[in-house]
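# Coordinate inspection notes
Here's the letter readout for the chains.
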Amino acid sequence: MNTDQLKKHILPAEASVKDALDAINALSGGRMILFVTDADGMILGAVTDGDIRRALLRGVNVADNVKLAMNSRFTALTEDDNPAEVVAIGKRRHLRLIPVTHAGKLTDILDLDNITALLPMDAVLMAGGRGERLRPLTLTTPKPLLKVGDKPIIDRNVERLEKYGVKNIFVTINYLGEMIEEHFNKRNAETPAHYSVVRCVREPKRLGTLGSLALVEGLQNDTVLVMNSDLLTSIDFDKMWRHHTSTGAALTVGTVPYTVSVPYAIMRTDGSRILGLEEKPTYNYFANGGVYMMKRELLADIPRGEYLDAPDFIEKQIARGLRVESFPIEGRWIDIGSPDDFRAANELLAQSRE
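Residues numbered from 1 in each chain as written. Predicted model: local features only at pLDDT ≥ 70, side-chain atom pairs only at ≥ 80, totals over all residues. Heavy atoms only, no water.

Tallying secondary structure elements over the protein chain gives nine helices and 18 strands in all. Radius of gyration (C-alpha) of the protein chain: 26 Å, far over the 20 Å computed for a compact globule of 354 residues. Overall, the C-alpha framework of the protein chain stretches about 95 × 50 × 45 Å when taken along its three principal axes. Once local pairs closer than 6 in sequence are excluded, the contacts in the protein chain between residues at least 24 apart make up 70%. Just so you have it, the protein chain exposes about 18,600 Å², and 49% of that area is on carbon and sulfur atoms. Across the protein chain, the mean location of the 44 positive side-chain charges is 2 Å away from that of the 48 negative side-chain charges. (Helix = DSSP H or I, 4+ residues; strand = E, 2+ residues; numbered from the N terminus. Rg over C-alpha atoms; globule rule 2.2 N^0.38 Å. Contact = heavy atoms within 4.5 Å. Areas by Shrake-Rupley, 256 points an atom, 1.4 Å probe, with all protein chains shown as cover. Lys, Arg positive; Asp, Glu negative; His and termini not counted. Charge placed at Lys NZ, Arg CZ, Asp CG, Glu CD.)

This is the structure in C-alpha cells:
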C-alpha cells in the first residue's frame, strides 16, 4: 500500500471504540479492518466491526479504549516468515489484508485482493528479438510493445508478475531497445506506487534466447523466473514455483502439449521387413513453452557475451547431472510469433474482455 492508504488502516493505541467505529466507517471496498499501533509503531492488534460488536456484547462501552475490542491474535507477515506461505494461509482464510512487520513494527499492509501470491523470486523477460515474422508491424515497433487488446504484450506479463508479488523485474533488450527502455522509464516515473520497478539490460549484440542472462546484475532471490516477453499466458506462477522448489530442481521448464497427427498408415519395420501397420496414428509430446524457473547459481555458468539458446542450456544442465523438471502449462498459452498468432491473441482477449 502507499502511505496514504496505509494511514487509513492505522489506529493509535489511545483511541476509543467510538474512534475505531468512525475510522472503519470511513473505509471502503470491503477492507474494513484497522491495525492498532503504539507510539513507536509497534502493532498491538487488529480490529473489525465484528470485533467491536462482540466487545459491545461483552459489556465494553464505545467510550472505552479500543484495546478492549481488538484481536491480538492476527495473521501477519514478519521478517522471519516465508512470504509465499503467509499469503497462501491468508487466501485460505479469506483474509483481505495482512500487516507486514519488522521487529514488531508495522511497515506495510498487503492487499490480498490485488495479489495472487507473494513469491520470493526475481524475473527476467527476454525482449531482444527482431520479430521478423510479424513484419511490417515490427519494422518500427519492437514486438514486446505491440498491443494485444489495449496494452503492450510485455505490460501484460509485467502486471501478471506483479500479481504474484515479484518486485525485481529485468527486461533484456536489443532490437529497437531504446523504445522499450523509454517505455519502462516512463512507466516507472509515472507509477511510483507500482509493486515493481522494471530495469532494462541492453545486449551489446545478439546473444540468443538466454545468453543475455549473464548481463543481469542485481538479482536478489535464489529463484529466477525467465520467460519470453511475447507470450500471452495464464500460467500459474505459484504452482510452478511450488513444483520447482518441492522437487529440488535446478531448472524447471514450462511445457505445452503438442500433438502430431499422421494422415497415413505408419509401418513398423525391421530392415525391409514389414512387421505391422498403425493406421493414422497420433503422437502427443510436450514442447518448450518459453518459461523457465532456475536456481540463480545457474546464471554463473553462462559465459558473458557469448551466444546461448535455451535448448543448449537445458541440455547442459542435464549433462551436468542436475535435476531438470517439466511443468505443464495449463490454460492459455500463445506464443505471438506470427500474424496469425497476433490476430488470435487479440480475438481471444476481445472475447474474454481482459
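Still more ground to cover, so stick around.
So, about the layout of surface pockets. By volume, the second largest pocket amounts to about 650 Å³. Along the walls of the second largest pocket sit 25 residues, with Gly-129, Arg-130, Gly-131, Lys-143 and Thr-209 positioned nearest its centre. (1 Å grid on protein atoms, 1.4 Å probe; cavity = no way out; pocket = protein on both sides within 12 Å on 5 of 7 lines; lining within 4 Å. Points joined across faces, edges and corners; volume = space filled by probe spheres on them.)

On to the sheet that holds strand S9 (residues 168-173). Here seven strands make up an open sheet; going across it, the order is S10-S9-S6-S11-S16-S13-S17 and the pairing mixed. Since the sheet does not close on itself, it has two edges, and those belong to strand S10 (197-202) and strand S17 (324-328), each with one partner. When the angles between neighbouring strand axes are averaged without regard to direction, this sheet yields 35°. Two strands pair when backbone bridges link them, and strand S6 (residues 121-127) and strand S11 (residues 223-228) are joined in this way by six bridges, in the parallel orientation. Within S11, the position partnered with Met-121 by the bridge is Thr-223. This element, helix H5 (residues 153-163), spans S6, S9, S10 and S11 of the sheet and lies at about 175° to S6. The strands touched by helix H6 (residues 177-190) are S6, S9 and S10; relative to S10, the strand with the most contacts, the crossing angle is about 160°. (Pairing = 2+ DSSP bridges. Axes fitted to C-alpha atoms, helices over the stretch in contact; angles between N-to-C directions.)

All right, on to the packing of aromatic side chains then. Counted according to the given criterion, the structure contains one aromatic pair. Aromatic side chains Tyr-164 and Phe-237 sit 5.3 Å apart centroid to centroid with 85° between the ring planes, which places their arrangement in the edge-to-face category. Taken together, the residues span a long stretch of sequence, with Tyr-164 in the loop between H5 and S9 and Phe-237 in helix H7 (residues 237-247) at a distance of 73 residues. Classification of Phe-237 by relative accessible area gives buried; the value is 1%. (Phe/Tyr/Trp six-rings, centres within 6.5 Å; stacked < 30°, edge-to-face > 60°. Buried < 20%, exposed > 50% of the residue type's maximum accessible area, 1.4 Å probe, protein only.)

What follows deals with the nonpolar core. Counting residues in hydrophobic clusters, the biggest one holds 31 residues, and the most contacted among them are Val-171, Leu-225, Phe-237 and Val-291. Of all the elements in the fold, those that place two or more residues in this core are S6, H5, S9, H6, S11, H7 and strand S16 (282-295). Tallying contributions element by element places S6 first for this core, with four residues. Residues within four places of Phe-237 in sequence aside, it is in contact with Leu-119, Met-121, Arg-160, Leu-161, Tyr-164, Leu-225, Met-227, Val-291 and Met-293. Counting 25 residues, the second-largest nonpolar core is a separate cluster that includes Val-201, Val-224, Ala-250 and Tyr-292. (Core = buried A, V, L, I, M, F, W, Y, C linked by side-chain atoms within 4.5 Å.)

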